[in-house]
Amino acid sequence: MPASLILASASPRRRELLASIGVASLVRPVDIDETPAPDEAPLAHVTRLAREKALAGAAGAATDQAVLGADTVVVLGERILGKPRDKADGLAMLAALSGGEHRVITAVAVNGPAGLLEAAVTTRVWMREISSREAEAYWASGEPADKAGGYAIQGLASIFVMHLEGSYSAVVGLPLHESAELLRRQGLPLWSGGLPPMA
């Protein structure tokens, strides 16, 4: 099936999640400044980035082409945990998340014929205690180096997660329920055309 959506992200996980609901996408990453604005709350931050990515991805696109932008942040208290700067930062993140609860907020924005539509999802995640030996071994795997919060719930770190409340797919990188609704409102079918867009 030809791509009917531009994905303004280099994340292979987001492309795989879209493919899982029968939506082909043309990957067109955008380069925007992801630094939080002064006093910007995590929800406002992630929503702004998703919106900016969708709008930046629309540059040069056909007027009837839908563009999806998304962003995910891991939040401990009110502190945003980005991608680890180095090993020490990655280990510190795991230590901070160990044995407690944190939030993962993912925002998605779709720019298209229906205008700019957006949604955000917050998921609460509880992790068991992570030993320093486990944290060292996890870092050595290479998996956490480019992940927000220093872990991937769909990967090796799944053994650390005891429980979550909310959307699993949003923690991976894209809330599928909300994304599907936005795409259908933009006129895109799901299930490779088996589920028509909303009237």
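Residues numbered from 1 in each chain as written. Predicted model: local features only at pLDDT ≥ 70, side-chain atom pairs only at ≥ 80, totals over all residues. Heavy atoms only, no water.

**Focus on the pattern of salt bridges**
Test applied: Salt bridges are counted wherever a side-chain nitrogen of Lys or Arg sits within 4 Å of a carboxyl oxygen of Asp or Glu. A helix here means a DSSP run of H or I that spans at least four residues, while a strand means a run of E at least two residues long, and both kinds are numbered starting from the N terminus. Only protein chains enter the calculation, and the probe is 1.4 Å; a residue is then buried if its accessible area is under 20% of its type maximum, exposed if over 50%, and partly exposed in between.
What the rule picks out here adds up to twelve salt bridges. For the salt bridge of glutamate 165 with arginine 124, the shortest nitrogen-to-oxygen distance reads 3.3 Å. Remark: arginine 124 occurs in strand S6 (residues 115–127) and glutamate 165 occurs in strand S7 (residues 161–165); sequence separation between them is 41 residues. What makes glutamate 165 partly exposed here is its relative accessible area of 38%.

**Here we look at unusual backbone geometry**
Here the phi dihedral of aspartate 39 falls at roughly 60 degrees; this positive angle occurs in a residue that is not glycine. Looking at where aspartate 39 falls in the secondary structure, it is placed in the loop between strand S2 (25–27) and helix H2 (42–57). For aspartate 39, a relative accessible area of 83% puts it in the exposed group.

**Some remarks on the packing of aromatic side chains**
This is how the line gets drawn: Here is the rule: rings of Phe, Tyr and Trp (six-membered ring for Trp) pair when centre to centre is within 6.5 Å. Planes less than 30 degrees apart are stacked, more than 60 are edge-to-face, and the remainder are tilted.
Per the counting criterion, the structure on display carries one aromatic pair. Ring geometry for tyrosine 138 versus phenylalanine 160: centroids 5.7 Å apart, planes at 90 degrees, classification edge-to-face. Taken together, the positions of tyrosine 138 in helix H4 (residues 132–140) and phenylalanine 160 in the loop between H4 and S7 put the pair 22 residues apart, joining distant regions of the chain. Neither residue differs from the other here; tyrosine 138 and phenylalanine 160 are each classed as buried.

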